[in-house]
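Structural overview for review
One-letter residues, chain by chain:
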Amino acid sequence: MLLQFYFSNYRSFEGEGILDMRASGSNELSSHIRNSLNEKILPVTAIYGANASGKSSVFEAFRFMAFCVLESLSFSDDNKKNSYKLKVDSFKFSDSRDKPSEFEINYIDKKGKKELYYNYGFKIDNSGILEEYLAFNTKTGVKRNEDYTYVFKRERNHKLYLDSSIEKFRENLEISLKDKTLLVSLGAKLNIDDFIRVRTWFINAEVINFSNSLYGIFLENTLPDNIIESEKVRKNLVSFINSFDDSIIDIEVEKISAIDESDSDNYRVFTVHKSDKETSIARISMNEESSGTKKMFSLYQTLLDVLEKGTVFFADELDIKLHPLLMRNILLTFTDKEKNPNNAQLIFTTHNTIYMDMNLLRRDEIWFVEKDNGASNLYSLDDITNEKGEKVRKDSNYEKHYLLGNYGAIPNLKNLLGRE
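A short tour of the structure in this document, coming up. (Residues numbered from 1 in each chain as written. Predicted model: local features only at pLDDT ≥ 70, side-chain atom pairs only at ≥ 80, totals over all residues. Heavy atoms only, no water.)

So, on to the sheet that holds strand β16 (residues 345-349). Strand order in this open sheet of six strands is β11-β15-β16-β5-β17-β18, and the pairing throughout is mixed. Each of the sheet's edge strands pairs with one partner strand only, and the pair in question is β11 (206-209) and β18 (375-380). Neighbour-to-neighbour, the strand axes of this sheet turn through a mean angle of 15°, independent of strand direction. Here strand β5 (residues 44-49) pairs with β16 via four bridges, running parallel. Of the residues in β16, the one forming a bridge with I47 is T349. (Pairing = 2+ DSSP bridges. Helix = DSSP H or I, 4+ residues; strand = E, 2+ residues; numbered from the N terminus. Axes fitted to C-alpha atoms, helices over the stretch in contact; angles between N-to-C directions.)

This brings us to helix α5 (residues 213-220). Those residues of α5 that sit buried are G216, L219 and E220. Looking down the long axis of α5, one finds its buried residues gathered within 100° of arc, a one-sided arrangement. In this fold, the buried residues of α5 make contact with β11 and α7 (291-309). (Buried < 20%, exposed > 50% of the residue type's maximum accessible area, 1.4 Å probe, protein only. Arc of directions from axis to C-beta. Contact = heavy atoms within 4.5 Å.)

Judged by nonpolar contacts, the single largest core of 64 residues is most densely connected at I105 and Y120. By residue number, the principal contributor to this core is helix α1 (residues 55-71), which donates nine residues. If sequence neighbours within four positions are ignored, I105 has contacts with L2, Q4, F5, F62, M65, Y118, N119, Y120, W201 and F202. (Core = buried A, V, L, I, M, F, W, Y, C linked by side-chain atoms within 4.5 Å.)

Take E115: it is sitting in strand β7 (residues 114-125). Those residues in contact with E115 that sit more than four places away from it in its chain are S36, L37, I108, D109 and K110. Polar side-chain contacts of E115 include one of 3.1 Å to the side chain of S36. (Polar contact = N/O pair within 3.5 Å; in protein donor to acceptor, adjacent residues only side chain to side chain.)

So, about the pairing of strand β15 (residues 312-316). With respect to burial, β15 is a largely interior element, five of its five residues being buried. Going residue by residue along β15, you find V312, F314 and D316 tucked away on one face and F313 and A315 tucked away on the opposite face as well. Where β11 meets β15, four bridges bridge the pair, whose relative direction is parallel. Bridge assignment links E206 to a residue of β15, and that residue is F313. Inspection of the sheet shows β15 paired to β16 by four bridges, in the parallel sense. Its bridge partner lying in β16, F313 is registered against L346. The β-α-β motif built from β15, the intervening helix α8 (residues 324-335) and the parallel element β16 has right-handed crossover chirality. (Right-handed = clockwise from strand over helix to strand, strands pointing away.)

Further remarks concern the pattern of salt bridges. Counted according to the given criterion, the structure contains 18 salt bridges. The shortest N-O distance in the salt bridge between R283 and E252 comes to 2.6 Å. With R283 in strand β14 (residues 281-285) and E252 in strand β12 (residues 248-256), this pair connects stretches of sequence that are 31 residues apart. Residue E252 is classed as partly exposed on the basis of its relative accessible area of 30%. One salt-bridge network, in which partners are shared between bridges, spans R11, D89 and K92. (Salt bridge = Lys/Arg side-chain N within 4 Å of Asp/Glu carboxyl O.)

Taking 1.5 Å as the rise per residue, α8 with twelve residues should run 16 Å; its terminal C-alpha atoms sit 16 Å apart, in good agreement. Residues of α8 that are buried include every one of P324, L326, M327, I330, L331, F334 and T335, and no others. Those residues of α8 hidden inside the fold are in contact with β3 (34-36), β5, α7, β15 and β16. (Expected span 1.5 Å × (residues − 1).)

Listed below in structure tokens is the structure:
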């Protein structure tokens, strides 16, 4: 489970951003809290803010970190096939653009049957990796650079430190390691268990930008696993869709065989509807369905994977095209221990304030991004205090007070036409 995500000098953040998934001491909505090792961890975080405030920068920072871990072996200055150019999108409006960006996660993961605290991070600029480290702990939680046993520590122009358990891999690592390659990426390729474990954590995380319409179309045209072969999968998908549209009674998949042997087969998906009076049935192409139905169809496999694996789902504008009650159902799924037994976590950006007012979110599950002098700041509702040092009351109308501007992170509205 993710405990904390830390980043600095990235996109609209000149300083640091810290997204903390650990629960405060509040007893509100206590059923949300998951206990692991010595931590009380939350399954959901919603991030609010005005347009261009930096909400997406939090998402993009996490996505960039995952991208580096998964693809740094392909970072190259050459325009070779299957290679990527390293481009760090640092804060541009000060001297920070010449400084490195930093990324770090603190999380709990299993090593065999034992759960451990892990701390992994790196500093990076367009010339490559300046620092990188992986450490673990058995007893204490998020204490950066304290009480951890280091698996490795790497610093530019310094000798690579390796724990004795992986010292035997030193020669292979040092020969193959390049300035723009993360050690965890290289170590995973060399089948070193500690490095594979980190890379797998990022592989299993789902990081999706739903504001990108092209990516949404791609997902809508991706079939759930085994839907063609398995009647059970189709029935489960129908049951999922029935949670918001009970007129759909079946899903049919039609194969379109490829003409050329070198091409892959294509498939068309149809929904089978019953009428209100159940006297007639209609077969409708998924392409003709509503945008909401197509969105839920595209979400099915992602939600299934995340909930089964107990991983992180980080989504930018997840609720695009979804009715608030559908989104409410998704949130209730993640916060329900029976429906989410493997402790999957959902982090999403949104503008919809209704989730603040449906008894859905704790104060420490509501986060804001606000710009101050051109740089973004990230903070939670639980961090806000008044002039007396008092926190926001748990029985407050969060939605009302947010829209009134009492929590910050709202647009500075002016005449749309720019007239006095």
